[in-house]
Amino acid sequence: MRETWPFILYICNMQFKDVIGQGHLKGELTELMRENRLAHAMLLLGKEGAGGLPLALAFAQYIVCEKANGAPKDPGPSLFGDDVPAAQPEALTDACGVCPSCQRAAELAHPDIHFSYPVVTKKAGTPPISADYISEWREFVKSYPYGNVYDWLQFIGAENKQGNITANECNDIIRKLNLKSFEGGYKVLIMWLPEYLGNEGNKLLKLIEEPPEKTVFLLIAENEEQILQTILSRCQLIKVPLPGDAEIKEALVSRNNADEATAARVAAISEGNYREALQIMQHSDEDWQNLLRDWLNSIMKTGPVAQSKWVDEIGQVGREGQKQFLRYFNHLLQLALRLQVMPDLAQQYPDKERDFALRLNRITSIGQQQAIIEELDHAAYYIERNANGKMLFMALTIKIYHIIQDNVVLLNE
């Protein structure tokens, strides 16, 4: 496990109020529960950083909350022989957060909420199951609920190993969900990233189709195409949209003590991905614009010596910093594209970013900007997979040179 972590620490509770945005979905999920229309298998599908896992955790807590969905209390027979209707639980729109069930759920220790997620072999010769990593899982989810699978595998020290949800894990799920509920209510399985479930996932089909009474599957996925079709066809699909810029900004201010201006800039660059917003916050003091100006001037004006010097400089930034730099350049190119199509929007953006985007429009056409964006996306993909930073940026320098070589304008201060 890493001793340091690139995120800003954010301890997560497990209530709807702690999930960033998703107001419509929160209301829809609670309504399904209150009206007894809960599907036995639900797939929450959203892009990385949208908050599918926090949403599922909050919903699971709502399902088991004693005050929100506890069994109605029987007041007993009337002294006068009249039929007295049973008292109904209060129609809460969120888990109460204080009942014993909520407290156990918040600690990820409720006996009727089970978890499944990609893991690697912990002990040689022993097939891995999620329960092997339950302590690490609790720590990871409470601190980094918007993390992705790469973060999780690094957190447990998987290094370059591929995480999987194994056949043994499927057998363990079947065993757990066929047990009687400890609390006498619902049993919930939260499966994070069913994309890592291979053909062995077909072991779960009968259980998903005909689960024991009051058993709910909550699957949280990012890529629909990588999920077994046999699993996908048996789930109710619920799409989880990315939070809006205003919601990301508010979260950065209230949870991470960011100032308004920084939070607004980071929210715009992160494009609804709260994980990326936290990553960018780690580098919010970096002067990406000056670094980008130096790079483009070396590409278009000052030549190979300056390019080599710049590549050495970016090589010292580190993988996460390199990714954020590419994302920042991508953000400015997207802004430049918007300003070419809708110039009336110019005053809506910060002065420095708007002015730089307008300079980009002087040296590149829409087609060139789109070509550079594609190259930046490819570069970010390979950096995520531990490509050599210096080699990658040198190759990227050459590619960008060939894209814009016919439009040479010095980017002055």
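Let us look at the structure shown here. (Residues numbered from 1 in each chain as written. Predicted model: local features only at pLDDT ≥ 70, side-chain atom pairs only at ≥ 80, totals over all residues. Heavy atoms only, no water.)

## Describing the sheet that holds strand β2 (residues 113-116)
So, point 1. An order of β2-β3-β4-β1-β5 is seen for the five strands of this open sheet, with the pairing classed as parallel. With partners counted over all chains shown, the strands left at the sheet margins are β2 and β5 (236-239), one partner each. Strand after strand, the sheet turns through a mean of 20 degrees between neighbouring axes, direction not considered.
So, point 2. Bridge analysis of strand β1 (residues 41-45) against β5 gives four bridges, and the strand direction is parallel. (Pairing = 2+ DSSP bridges. Helix = DSSP H or I, 4+ residues; strand = E, 2+ residues; numbered from the N terminus. Axes fitted to C-alpha atoms, helices over the stretch in contact; angles between N-to-C directions.)

## A closer look at the packing of helix α17 (residues 366-384) against helix α18 (residues 389-404)
Between two packed helices, both the angle of their axes relative to each other and the distance between the axes serve to describe the pair.
So, point 1. Interhelical geometry of α17 versus α18 gives an angle of 170 degrees and a closest axis separation of 10 Å. Considering the angle they form, α17 stands roughly antiparallel to α18. Contacts between α17 and α18 pair Q368, A371, I372, E375, L376, A379, Y382 and I383 from the former with L392, F393, L396, K399, I400, I403 and I404 from the latter.
So, point 2. Looking at the contact of α17 with α18, its residues break down into 12 nonpolar, one polar and two charged. (Parallel < 35°, antiparallel > 145°, perpendicular 65-115°, else oblique. Contact = heavy atoms within 4.5 Å. Nonpolar A, V, L, I, M, F, W, Y, C, P; charged D, E, K, R; others polar.)

## Details of a nonpolar patch on the surface
So, point 1. On the surface, a cluster of nonpolar side chains totalling about 260 Å² of accessible area is made up of V341, M342 and I366.
So, point 2. Structurally, V341 can be placed in helix α15 (residues 319-341).
So, point 3. Looking at V341, the relative accessible area reads 60%, which means it is exposed. (Patch = residues over 30% accessible without salt bridge, like charges linked within 9 Å, V, L, I, M, F, W, Y side chains within 5 Å. Areas by Shrake-Rupley, 256 points an atom, 1.4 Å probe, with all protein chains shown as cover. Salt bridge = Lys/Arg side-chain N within 4 Å of Asp/Glu carboxyl O. Buried < 20%, exposed > 50% of the residue type's maximum accessible area, 1.4 Å probe, protein only.)

## Digging into the side chain of E353
So, point 1. Looking at the element boundaries, E353 is found in helix α16 (residues 351-363).
So, point 2. Despite its burial, E353 pairs with no opposite charge, the nearest such side chain being R265 at 4.7 Å.
So, point 3. A distance of 3.0 Å separates the side chain of E353 from the side chain of H331, its partner in a polar contact.
So, point 4. Those residues in contact with E353 that sit more than four places away from it in its chain are R265, Q289, Y328, H331, L332 and L335. (Lys, Arg positive; Asp, Glu negative; His and termini not counted. Polar contact = N/O pair within 3.5 Å; in protein donor to acceptor, adjacent residues only side chain to side chain.)

## Here we look at the packing of helix α1 (residues 23-34) against helix α2 (residues 52-64)
So, point 1. Following both chains from N to C, one finds α1 and α2 inclined at 30 degrees, their axes separated by 11 Å at the closest point. Taken together, the axes of α1 and α2 lie roughly parallel to each other. Between α1 and α2 lies a crossing of right-handed hand. Within the contact between the two elements, α1 uses L25, K26, L29, T30, M33 and R34 and α2 uses L55, F59, Y62 and I63.
So, point 2. Looking at the contact of α1 with α2 residue by residue, the class counts come to seven nonpolar, one polar and two charged. (Left-handed = near helix turned anticlockwise from the far one by under 90°.)

## Thoughts on the pattern of salt bridges
Should their charged atoms come close, side chains of opposite charge can pair.
So, point 1. Enumeration over the complete set of coordinates arrives at 18 salt bridges.
So, point 2. One salt bridge connects R275 with D151, and the closest N-O pair in it is separated by 2.6 Å. Note that R275 is positioned in helix α12 (residues 274-282) and D151 in helix α6 (residues 149-155), a separation of 124 residues in sequence. Each member of the pair, R275 as well as D151, is classed as buried.
So, point 3. A salt bridge links R234 to E209; its shortest N-O distance comes to 2.9 Å. With a gap of 25 residues between them, R234 in the loop between α9 (229-232) and β5 and E209 in helix α8 (residues 205-209) connect regions that are remote in the sequence.

## Considering the side chain of S116
So, point 1. Along the chain, S116 turns up in strand β2.
So, point 2. Side-chain polar atoms of S116 contact the side chain of E169, separated by 2.8 Å.
So, point 3. Those residues in contact with S116 that lie beyond four places of it in its chain are S130, I165, E169, I173, L189, I190, M191 and W192.

## Description of the packing of aromatic side chains
So, point 1. All chains considered together, the criterion is met by 23 aromatic pairs.
So, point 2. Connected via pairs of aromatic rings, a cluster forms that spans F115, Y117, Y133, W137, F140, Y144, W152, F155 and W192.
So, point 3. When the ring centre of Y133 is taken as origin, the NZ or CZ atom of K122, which lies over that ring, is 4.7 Å away.
So, point 4. The cationic tip of R385 hangs over the ring face of Y381; the distance from NZ or CZ to the ring centre is 3.7 Å. (Phe/Tyr/Trp six-rings, centres within 6.5 Å; stacked < 30°, edge-to-face > 60°. Lys NZ or Arg CZ within 6 Å of the ring centre and 35° of its normal.)

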